[in-house]
Amino acid sequence: NSMNVNNSMNVNNSMNVNNSMNVNNSMNVGRNLHLQQNHPLNTIKSTIENHFNSTHSEPFALHDSLSPVVTTKHCFDDLLIPPDHVSRSYSDTYYIDAHHCLRTHTSAHQSTLIAAGESQFLCTGDVYRRDEIDSSHYPVFHQMEGVKMFPLGTPTKVIEDDLKSVLSGMAKTLFGDVEMRWVDAYFPFTEPSYELEIFFNGEWLEVLGSGVIQQQIVRNAGHGEQPGWAFGLGLERLAMVLFEIPDIRLFWSSDPRFHEQFKAGEIVKFKGYSKYPPVHRDISFWTGGKEFHPNDLCEIVRGVCIEEDLVEKVELIDEFVHPKTNKTSNCFRVTYRSMDRSLTNKEVDEIHFQVRDNAVADLGIEIR
Ligand code: PHE
């Protein structure tokens, strides 16, 4: 399932290229929620930035307006992500062409900023991943990246200790006096790597990924043997917990009932308001000769709902293999719901028929 961008067969696959072409009108590129005053994502961002700059005498450079269109070199190669790594695949990443994509993480800016000679920085932006559709997944979300470089010869132990004390201090600023633990992790660009988890509302919650930057990355960026650490975190995940926001699509809503609840810099509990009713439609099909990936179906549903965000959830509700033909049957339930108005059955029927037609045309499936 993992593909290589250098494989020309995949690059020429017309379905994938067409899907990445409608990136600009359907993907909320340029909305920059993290820059909107009073928006919960902006409050998380500025709280973290203030924490870093009040705990360090040397300021962290702040980047929050770098273009989300990056080269695959910056997004993957420079970070030592292997050519066959799943994060590069067409079912995970929005490609613009063979050498450009929408950044899948803010780590895409690590090596350029290190090469530019920055020794400590925070970098925030919108990131894009093809994904499932449910209350905590949306194809666009926001990340913050942090890097801190150290003088030549600083022992790894010192760097690791600093990473842990700075990042647990940041978590304390956001979450208060909570229990925390460091869990060993793996990222191609850091070694060792850790995830920070906090115990919050009765469960362990992953807050960030981090680690000591692979020396090869720094060397390639022209800074030789200078050591450093890096972390990356998702703003939505933290905001959903801290503000008690139950659905990731609410961040994109234009409903004043959402926005009037928030003031810059203040973490308050979101008060739910009544939602418009959901409309469910199922789609059952035999998967065809092409390998079927559920993200591709999600992408088709999103593609049909380009003008408005009408899909709340796509879930697999039944799957079986026919004993004689050996064909696989899938049934997905699509939940349509608008954040801003009631949907009519008629318009949902039209959308869903279009979804079926496009799925047949693009995914080589056979409707049951
Ligand atoms: N880029 C990683 C992700 O998106 C997070 C990360 C950043 C991990 C920096 C380690 C260091 O999951």
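Residues numbered from 1 in each chain as written. Predicted model: local features only at pLDDT ≥ 70, side-chain atom pairs only at ≥ 80, totals over all residues. Heavy atoms only, no water.

Looking up the protein in an unreviewed UniProt entry gives the name phenylalanine--tRNA ligase, with the organism given as Triparma retinervis. Word for word, the UniProt comment on the protein under Sequence similarities (unreviewed entry) is "Belongs to the class-II aminoacyl-tRNA synthetase family." (UniProt positions renumbered as here; feature names shortened; annotations may be inferred.)

Enquirer: An account of the overall build of the protein is requested, with residue identities and associated values reported.
Expert: Along the backbone of the protein there are 12 helices and 14 strands. Its C-alpha radius of gyration of 22 Å places the protein within 12% of the 21 Å reference for a compact globule of 368 residues. Once the C-alpha set of the protein is aligned to its principal axes, its extents read approximately 65 × 50 × 35 Å. Looking at the protein residue by residue over its 368 residues, the buried ones come to 49%. Here the contacts in the protein between residues at least 6 apart in sequence split such that 67% fall between residues at least 24 apart. On the protein, roughly 16,500 Å² of surface is accessible, and the fraction owed to carbon and sulfur atoms is 49%. (Helix = DSSP H or I, 4+ residues; strand = E, 2+ residues; numbered from the N terminus. Rg over C-alpha atoms; globule rule 2.2 N^0.38 Å. Buried < 20%, exposed > 50% of the residue type's maximum accessible area, 1.4 Å probe, protein only. Contact = heavy atoms within 4.5 Å. Areas by Shrake-Rupley, 256 points an atom, 1.4 Å probe, with all protein chains shown as cover.)

Enquirer: Summarise the sheet that holds strand E2 (residues 69-71); cite the residues concerned and give the values.
Expert: Read from one edge to the other, the open sheet built from 3 strands follows the order E2-E4-E3, with strand pairing classed as antiparallel. Since the sheet does not close on itself, it has two edges, and those belong to E2 and strand E3 (95-97), each with one partner. On average, each strand axis in the sheet is inclined to that of its neighbour by 35 degrees, with strand direction left out of account. (Pairing = 2+ DSSP bridges. Axes fitted to C-alpha atoms, helices over the stretch in contact; angles between N-to-C directions.)

Enquirer: Describe the environment of Trp204, and please don't skip the residues or the numbers.
Expert: You can see Trp204 is positioned in strand E9 (residues 203-213). Residues Trp204 and Arg181 lie 23 residues apart in sequence; the distance between their C-alpha atoms is 9.0 Å. Sequence-distant contacts of Trp204, defined by excluding residues within four places in its chain, comprise Glu179, Met180, Arg181, Glu197, Ile198 and Phe199.

Enquirer: An account of the site of the ligand is requested, with residue identities and associated values reported.
Expert: Among the 14 residues in the neighbourhood of the ligand, the closest are listed as His105, Ser107, Arg129, Gln143 and Gly232. Between the ligand and the protein, one listed contact pairs a nitrogen atom with a side-chain N or O atom of Ser107 at 2.8 Å. When the ligand is considered free in solution it has 330 Å² of accessible area, and contact with the protein chains removes 88% of it. Elements with a minimum of two residues in the shell around the ligand: strand E6 (140-149), E9 and strand E10 (228-234). Among the residues making up the shell around the ligand, the classes are represented as 4 nonpolar, 8 polar and 2 charged. (Near = heavy atom within 4 Å. Polar contact = N/O pair within 3.5 Å; in protein donor to acceptor, adjacent residues only side chain to side chain. Nonpolar A, V, L, I, M, F, W, Y, C, P; charged D, E, K, R; others polar.)

Enquirer: Break down unusual backbone geometry for me, citing the residues and quoting the values.
Expert: Here the amide bond leading from Glu191 into Pro192 is cis, since omega sits at -5 degrees, within 30 degrees of zero. With respect to the helices and strands, the residue Pro192 is situated in strand E8 (residues 190-200). Of note in this structure, Leu80 is not a glycine but carries a positive phi near 65 degrees. Mapped onto the elements of the fold, Leu80 is located in the loop between helix H5 (72-75) and E3. We note that Asn326 has phi near 65 degrees; this positive angle belongs to a residue other than glycine. Relative to the assigned elements, Asn326 resides in the loop between strand E12 (311-321) and strand E13 (328-336). By relative accessible area, Asn326 is classed as exposed at 59%.

Enquirer: Residue-level account of the sheet that holds strand E5 (residues 120-128), with values.
Expert: Across the sheet, which stays open at both edges, the 7 strands sit in the order E1-E5-E6-E10-E9-E8-E7 with mixed pairing between neighbours. Looking along the sheet, the strands with just one partner apiece sit at the ends: strand E1 (61-63) and strand E7 (180-187). Direction aside, neighbouring strands of the sheet carry axes that sit 25 degrees apart on average. Judged from the 7 bridges that link them, E6 and E10 form a sheet pairing that is antiparallel. Across the sheet, Glu145 pairs through a bridge with Gly232, a residue of E10. Each of E5, E6, E8, E9 and E10 touches helix H9 (residues 235-242); the most contacted strand, E10, lies at about 55 degrees to it.

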